[in-house]
Amino acid sequence: MRIVAFSRAVTAIVAAVFSLTPAVPGRAERDTGDASTREVPGLREPVRLVMDRWGVPHLYARNTDDVFLAQGYNAARDRLFQLDLWRRRGLGLLSAAFGPRYVEQDRAARLFLYRGDMQREWAAYGPNTRRAVTAFVRGVNAYVDWVNAHPEALPPEFRRLGHRPDRWQPEDVVRIRSHGLALNAYPEALLAAAMCSGGQSAARALVRLEPEHEAQVPDGLDPCSVPADALNTYLLGISPVTFDGVAVRSVPPSPGGSNAWALAPSRTATGRPILAGDPHRATTAPALRYVAHLSAPGLDVIGAGEPALPGISMGHNDRAAFALTVFSADQEDIQVYRLHPDDPGRYLYRDRWVPFTTVREDVPVAGSTPRQVELLFSQHGPVLKVDKDRGLAFGLRTAWSEPGAAPYLTGLDTMTARSFPEFAARARRWVSPPENLVYADTSGTIGWVPGALVPRRPGYDGLLPVPGDGRYEWDGFHDGAELPRVINPKSGFVASANEYNMPPGHPVRVGYEWEPAARKERIADVLSSSTRHTTSEMARLQFDHVDEYARRIVAVLRDIPAGDDPDTAAALRHLRDYDGTASADSPGAALFEPWLSGYLGPAFLRKFVPSAVAARVPRADVRQVIDALERPDRWFGPDGAAVRDRLVQETLSAAYAAVRGRLGADPAAWRWGNLQHALFSHPLGNHVGPISRGGSATTVDASTYYPGAYQSTSGAAYRMVLDVGAWDNSTFVSAPGQSGDPASPHYADLTAAWSSGAQVPLLYSPAAVARNTESVITLVPAASGRG
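The structure displayed is predicted, hence computed values, not measured ones.

A. Representation of the overall build of the chain within the structure. Of the regular secondary structure elements, the chain holds 23 helices and 33 strands. A compact globule built from 787 residues would reach a C-alpha radius of gyration of about 28 Å, and the chain, at 26 Å, matches this within 12%. Along the first, second and third principal axes, the C-alpha atoms of the chain reach 85 × 70 × 55 Å. Within the chain, contacts between residues separated by at least 24 positions form 71% of all contacts whose residues are at least 6 apart in sequence. Averaging the positions of the 82 positive and the 85 negative side-chain charges in the chain gives two centres separated by 3 Å.

Structure, rendered in structure tokens:
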């Protein structure tokens, strides 16, 4: 699993799999040594596309329309298959390219498209958003037209699958909503199943609610009425595209988390702020984010953004830096509808039987005739399941179906802010996904502000599905200005790691389901320990594997008897020496992590809920597991300590035997990285990896993995550390690499740095870029003037 000559080896292997012919430099371009020129319809003036040695494009334009057009053109040039697949999946057009097996996924995706008024939609963003999106799409289409006219230049995925990329419309960018991270439909369904089987004790075992709260069953809801498959269509609609027969994930992986922090000048060795950010998302090839530099009069920004969107969402301009983490605002409610006994096309709403809206659409199918699909909508949104036998239907209301909710697109507005008040004012428009926005600028100001559209729920908490009969309506939304914010705190830093961070007593109730605070607490401990922090120290903190929760669990083990089982005794001896650092070379983590995720956590859940419900939980809430170990009488009754001890002994014995079967008889030779591995997955199965890795769900370098398989499914594929004001000292890594072309040297060249915690320069000044230039392409207006 170790990396050996990794980037070139991966490129060679993937190229062989695709039967690639390496791209000819300058093909269909006018070659001038290392530079080339390409005509691009729609440009008004020339744009220089400078690629640096780490695959970052620096786009220099004479006006902003051209820089966004060039961004779209270059994104398509480097990530065409990824962009085309994103659009097809989001619009429900997979079947048009890949055949009838994708009709159901297309139908599911179409349920979640924005279907409201487009004028309201565009008006909900910043004043220049529509213009930027339109320019970006022109750039995408310019490259699509060129590559369709030069099919020998098609990326290998198109040649393998036998289809061509489609042209885009600006509306495509904003209508697609299903790629954002949102809460809390899936937890609602799980909590209903837990309440059905075990009431409040089961609900308490499932998740810790913050602030402290007991979930309330809405009047008129039978928790047992929500079937296990109520959200299958929802899961299918938000799932990535696969080509190996896996159509839907019945248990979605945990979202993991993200980290971001900003240090004031008083906390750094240079007297300049430092801002760091590492969002944790699915590890894919190519990466879910793309780094770019956009420079034009009045605009000079660099950082990472969504490949299919204009602008960037985390990075810096010439004055201010910004990063983001998920803010756990509850933006979804499952609706349970009572159907008319004689007409399942109508449902009860405010004491009247009202009809569902039925939309019929033809889905084009490659090699066949179009298939008509039927989409049902209530006044709340899409209907996911109709159960005529029980007279019930299940729908979904979401904040992210409102105008202005295209995920991350508000970043176009926030990326040009030059002061914290301006940044916070623009964050008021941020709808989806809900984010903690962390800020620092060259004046020394640091700050934090959430961006989210938070529903007002009068009289209910939003933790469970609600009857869709009109009793549980949202009373509009909280204005973004009502959310809290922090500027220049006395601590000298702001930090966010998806933890519960609403101030005590704050009047806005945004949600109850937050990530454990372990990562935030570790970050805060390190940041508060010095007033001389450096950028290199912050990069090391992003790769930190200290797990304070593991240390708490190990402390409990010191008082638990081994009993008569030799495997239990051996396991206890092994873990009593574990220091809680989940590094790849840790023998202790090689037992602790499999035990916690695959044995102790599930066994704890099965004490309170049926096995079928426990199996739907991606991962037991470690906070509740720790509380049960530390306070067993509260969880298991008067004989709680004995129950706890048996639970630990039985699960430890099973875990020890399983790990021994995988790693051998000598526990001193076990290594966590010989089990856990990262795989940057490609939709056609041509992956980058596997790569040995450390970390856990509660370390700063977070890793969410499948128990038993130990494949890390999400983590910080992108990391950045910004030296605010001395921008060329900033660093980043985006694994596996910048390019989506398996033949490119930048397809996997950043993987080795990523796996070791290293970063590469994020260059900003023209002089620094010039010293590290790999190639230059001059994009010029097409001679015909088309555009």
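B. Summary view of the packing of aromatic side chains. Taken as a whole and assessed by the stated rule, the structure comprises 32 aromatic pairs. Between Trp-86 and Trp-168, the aromatic rings sit 5.8 Å apart at their centres with planes inclined by 20°, giving stacked as the arrangement. Linking Trp-86 in helix H2 (residues 64-91) with Trp-168 in the loop between helix H7 (156-161) and helix H8 (170-175), this pair joins segments that are 82 residues apart in sequence. You'll find Trp-86 and Trp-168 in the same group, each marked buried.

C. Seen up close, empty space enclosed by the protein. Applying the stated criterion across every chain, the model contains five cavities of 30 Å³ or more. Around the largest cavity sit Pro-279, Arg-281, Ala-282, Ala-287, Leu-288, Arg-289, Gly-715, Ala-717, Tyr-718, Ser-734 and Ala-735, which together line it. Each residue belonging to the lining of the largest cavity can be placed in one class, and the counts come to seven nonpolar, two polar and two charged. Approximately 70 Å³ is the volume attributed to the second largest cavity. Residue lining of the second largest cavity: 14 residues in total, with Gln-71, Ala-75, Tyr-290, Ala-292 and Pro-307 positioned closest to the centre.

D. Region of the structure containing the side chain of Asn-141. With respect to the helices and strands, the residue Asn-141 is situated in helix H6 (residues 129-149). Judged by its relative accessible area of 6%, Asn-141 is buried. Beyond its immediate chain neighbours, meaning those up to four positions away, Asn-141 contacts Arg-167 and Trp-168.

E. View of helix H19 (residues 622-630). Among the nine residues in H19, eight count as buried, and that is most of the element. Listed as buried for H19 are Val-622, Arg-623, Gln-624, Val-625, Ile-626, Asp-627, Ala-628 and Leu-629. Buried residues along H19 sit in contact with helix H9 (185-206), helix H15 (548-557), helix H17 (587-606), helix H20 (632-636) and helix H21 (640-663).

F. How the structure looks around the environment of Val-643. Following the sequence through the fold, Val-643 ends up in helix H21. Under the relative-accessibility criterion, Val-643 is labelled buried at 15%. Considering only alpha carbons, one finds Val-643 and Asp-633, 10 residues apart in sequence, at a separation of 9.0 Å. Setting aside its immediate chain neighbours within four residues, Val-643 contacts Lys-607 and Phe-636.

G. Expanded view of the environment of Asp-441. Take Asp-441: it is sitting in strand E19 (residues 435-441). Spatially, the C-alpha atoms of Asp-441 and Asp-84 are 36 Å apart, while their sequence positions differ by 357 residues. The residues touching Asp-441, leaving out its near neighbours within four places in the chain, are Pro-273, Arg-319, Ala-320, Arg-418, Ser-419, Phe-420 and Val-724. A distance of 2.5 Å separates polar atoms of two side chains, one belonging to Asp-441 and the other to Ser-443.

H. Just H15, in detail. Inspection of H15 places Tyr-549, Ala-550, Ile-553, Val-554, Val-556 and Leu-557 among the buried residues, and these make up the whole buried set. Down the axis, H15 shows its buried residues gathered within 155° of arc, on one side only. At its buried positions, H15 is contacted by helix H13 (518-527), helix H16 (566-576), H17, H19 and H21. Among the residues of H15, the N-terminal cap falls to Asp-547, whose side-chain oxygen and the backbone nitrogen of Tyr-549 are separated by 3.1 Å.

I. Spatial organisation of the environment of Lys-490. Note that Lys-490 resides in the loop between strand E24 (486-487) and strand E25 (493-496). For the pair formed by Lys-490 and Ala-264, sequence separation is 226 residues and the distance between their alpha carbons is 9.6 Å.

J. Geometry of the pairing of strand E9 (residues 299-305). Extensive coverage of E9 is indicated by the burial of six of its seven residues. Joining the antiparallel neighbours strand E8 (residues 290-296) and E9 is a turn of two residues, in which Gly-298 adopts a positive phi near 85°. Direction of pairing for E9 relative to strand E10 (residues 314-316): antiparallel, over a ladder of three bridges. Each bridged residue has a counterpart across the sheet, and for Ile-302 the counterpart in E10 is His-316.

K. How the structure looks around the confidence of the model for the chain. Chain-level pLDDT for the chain is 93 on average; 94% of the residues reach the 70-or-more range. Across residues 1-33, where pLDDT falls below 50, the model places 64 contacts with residues more than four positions away in sequence or in other chains. Note on residues 245-251: pLDDT is under 50 here. Beyond four places in sequence and across chains, it has 19 contacts.

L. Layout of the sheet that holds strand E32 (residues 760-761). One open sheet holds the six strands; their spatial order is E25-E5-E6-E30-E31-E32, and the pairing between them is antiparallel. Every other strand in the sheet has two partners, leaving E25 and E32 as the edge strands with one partner each. With four bridges joining them, strand E5 (residues 258-263) and E25 adopt antiparallel strand pairing. What sits directly across from Ala-262, in E25, is Val-494. Contacts from H13 reach E5 and E25, with the element oriented near 25° to E5.

M. The arrangement of the packing of H2 against helix H4 (residues 103-111) in detail. Between H2 and H4, whose axes approach to 6 Å, the crossing angle comes to 75°. As judged from the angle between their axes, H2 and H4 are roughly perpendicular. Packed against H2, whose contacting residues are Arg-88, Arg-89, Gly-90 and Leu-91, the element H4 presents Gln-105, Asp-106, Ala-109 and Arg-110 at the interface. Looking at side-chain class alone, the contact of H2 with H4 contains two nonpolar, two polar and four charged residues.

N. Highlighting the nonpolar core. Core analysis: the biggest nonpolar cluster contains 97 residues, and Tyr-234, Phe-592, Trp-595 and Phe-604 have the highest contact counts within it. Considering every element that reaches this core, the biggest residue donor is H9, with 13 residues. Counting residues in hydrophobic clusters, the runner-up holds 76 residues, among them Leu-69, Leu-85, Val-144 and Ala-296.

O. Layout of unusual backbone geometry. Following Ala-285, the chain continues to Pro-286 via a peptide bond in cis, the omega torsion being 0°. Looking at the secondary structure, you find Pro-286 in the loop between strand E7 (281-282) and E8. Backbone torsion omega between Gly-689 and Pro-690 reads 10°, so that peptide bond is classified as cis. Of note, Pro-690 is situated in strand E27 (residues 688-692). Non-glycine residue Arg-350 carries a positive phi angle of around 50°.

Cut-off values and rules
Residues numbered from 1 in each chain as written. Predicted model: local features only at pLDDT ≥ 70, side-chain atom pairs only at ≥ 80, totals over all residues. Heavy atoms only, no water. Helix = DSSP H or I, 4+ residues; strand = E, 2+ residues; numbered from the N terminus. Rg over C-alpha atoms; globule rule 2.2 N^0.38 Å. Contact = heavy atoms within 4.5 Å. Lys, Arg positive; Asp, Glu negative; His and termini not counted. Charge placed at Lys NZ, Arg CZ, Asp CG, Glu CD. Phe/Tyr/Trp six-rings, centres within 6.5 Å; stacked < 30°, edge-to-face > 60°. Buried < 20%, exposed > 50% of the residue type's maximum accessible area, 1.4 Å probe, protein only. 1 Å grid on protein atoms, 1.4 Å probe; cavity = no way out; pocket = protein on both sides within 12 Å on 5 of 7 lines; lining within 4 Å. Points joined across faces, edges and corners; volume = space filled by probe spheres on them. Nonpolar A, V, L, I, M, F, W, Y, C, P; charged D, E, K, R; others polar. Polar contact = N/O pair within 3.5 Å; in protein donor to acceptor, adjacent residues only side chain to side chain. Arc of directions from axis to C-beta. Pairing = 2+ DSSP bridges. pLDDT = per-residue confidence, 0-100. Axes fitted to C-alpha atoms, helices over the stretch in contact; angles between N-to-C directions. Parallel < 35°, antiparallel > 145°, perpendicular 65-115°, else oblique. Core = buried A, V, L, I, M, F, W, Y, C linked by side-chain atoms within 4.5 Å.

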